[in-house]
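Spelled out, the chains give:
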Amino acid sequence: MTRAVLSLGSNLGDRLAHLRSAVASLGDAVLVVSGVYETPPWGDPDQPAYLNAALLAQDPTATPRDWLERARAAERGAGRTRDPRRRFGPRTLDVDVIAVWGDDDEPVLSDDPELTLPHPRAHLRAFVLRPWIDIQPYGRLPGHGRLTDLLTADPVASDARELRPRPDLAIESTA
């Protein structure tokens, strides 16, 4: 069995619908989804603001590569196209595999350029850390430490001040 934390982001089109489609595409594997946060663009400021969230998923048969394929399938389903000239450009949906844990509850480590685990820049991104804290308040990013410590450390702390919770937006139905 593996568990995975996935980060979701969208800044084109119906941003909330894109986040919802990613969660729906993972189906019963989804255990819990964070709240929604509106965040300024990261890496390339000349684009619209993002909606971001995180989720924890579990599947007894999934490998880390399976999580990556599911993330890519969700992106394709939202019409994501990649512009090689603009690495941090706008997108309908971005789904990143942040961390994976195996049967033994040990983190999976990978230096594969296509799937580095844990995500090599997650510890620097408030838009990943803050939603993840919603679903795992005492969580730890393997190799980096407690999420709350990472969120309050420089340079992440300045980015964290720019995140805006959006309690008016729900990814999953509360009915």
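Cut-offs and rules
- Residues numbered from 1 in each chain as written.
- Predicted model: local features only at pLDDT ≥ 70, side-chain atom pairs only at ≥ 80, totals over all residues.
- Heavy atoms only, no water.
- Helix = DSSP H or I, 4+ residues; strand = E, 2+ residues; numbered from the N terminus.
- Rg over C-alpha atoms; globule rule 2.2 N^0.38 Å.
- Buried < 20%, exposed > 50% of the residue type's maximum accessible area, 1.4 Å probe, protein only.
- Contact = heavy atoms within 4.5 Å.
- Areas by Shrake-Rupley, 256 points an atom, 1.4 Å probe, with all protein chains shown as cover.
- Lys, Arg positive; Asp, Glu negative; His and termini not counted.
- Charge placed at Lys NZ, Arg CZ, Asp CG, Glu CD.
- Core = buried A, V, L, I, M, F, W, Y, C linked by side-chain atoms within 4.5 Å.
- Salt bridge = Lys/Arg side-chain N within 4 Å of Asp/Glu carboxyl O.
- Phe/Tyr/Trp six-rings, centres within 6.5 Å; stacked < 30°, edge-to-face > 60°.
- Lys NZ or Arg CZ within 6 Å of the ring centre and 35° of its normal.
- Expected span 1.5 Å × (residues − 1).
- Arc of directions from axis to C-beta.

Draft legend 1. Structural context of the overall build of the chain. Helix and strand counts for the chain come out as five helices and 10 strands. Compactness check: the chain gives a C-alpha radius of gyration of 15 Å against a globular reference of 16 Å for 175 residues, within 12% of the reference. Dimensions of the chain along its principal axes, counting C-alpha atoms only, are 40 × 40 × 35 Å. Looking at the chain as a whole, 49% of its 175 residues qualify as buried. In the chain, of all internal contacts separated by at least 6 residues, the share reaching a separation of at least 24 is 67%. Of the roughly 8800 Å² of accessible surface on the chain, 51% is carried by carbon and sulfur atoms. Positive and negative side-chain charges of the chain, numbering 21 and 26 respectively, have mean locations separated by a distance of 4 Å.

Draft legend 2. Molecular detail of the nonpolar core. Among the nonpolar cores identified, the biggest contains 30 residues, and Leu 8, Leu 55, Trp 67, Val 95, Val 97 and Ile 171 are the most heavily contacted of them. The set of elements that each furnish at least two residues to this core consists of β1 (2-10), α1 (15-26), β2 (30-33), β4 (50-59), α2 (64-77), β5 (94-101) and β7 (115-117).

Draft legend 3. Focus on the pattern of salt bridges. Under the counting rule described, the total for this entry stands at 12 salt bridges. With a shortest N-O distance of 2.8 Å, Glu 38 and Arg 166 are connected by a salt bridge. Placement of the pair is Glu 38 in strand β3 (residues 37-39) and Arg 166 in the segment after β10 (164-165), with a sequence separation of 128 residues. Both residues of the pair, Glu 38 and Arg 166, belong to the buried class. Between Arg 72 and Glu 69 there is a salt bridge whose closest N-O contact spans 3.7 Å.

Draft legend 4. Spatial organisation of the packing of aromatic side chains. Per the stated rule, a full pass over the model turns up one aromatic pair. For the pair Trp 101 and Trp 132, a centre-to-centre distance of 6.4 Å together with 65° between the ring planes defines the contact as edge-to-face. A residue pair is termed long-range when its members are at least 10 positions apart, and Trp 101 in strand β5 and Trp 132 in helix α3 (residues 126-135) qualify at 31 residues. As far as the burial class goes, Trp 101 and Trp 132 line up, both buried. Between Arg 70 and the ring centre of Trp 67, over which it is positioned, the NZ or CZ distance is 4.8 Å.

Draft legend 5. Representation of α1 within the structure. End to end, α1 covers 18 Å across 12 residues, agreeing with the expected 16 Å (1.5 Å per residue, within 8%). Along α1, the positions that sit buried rather than exposed are Leu 16, His 18, Leu 19, Ala 22, Val 23 and Leu 26. Down the axis of α1, the buried set is contained in an arc of 165°. They therefore lie on one face. Looking at the buried side of α1, the elements it contacts are β1, β2, β4, α2 and β5. A positive backbone phi angle near 55° is found at Gly 27, which sits one or two residues after α1.

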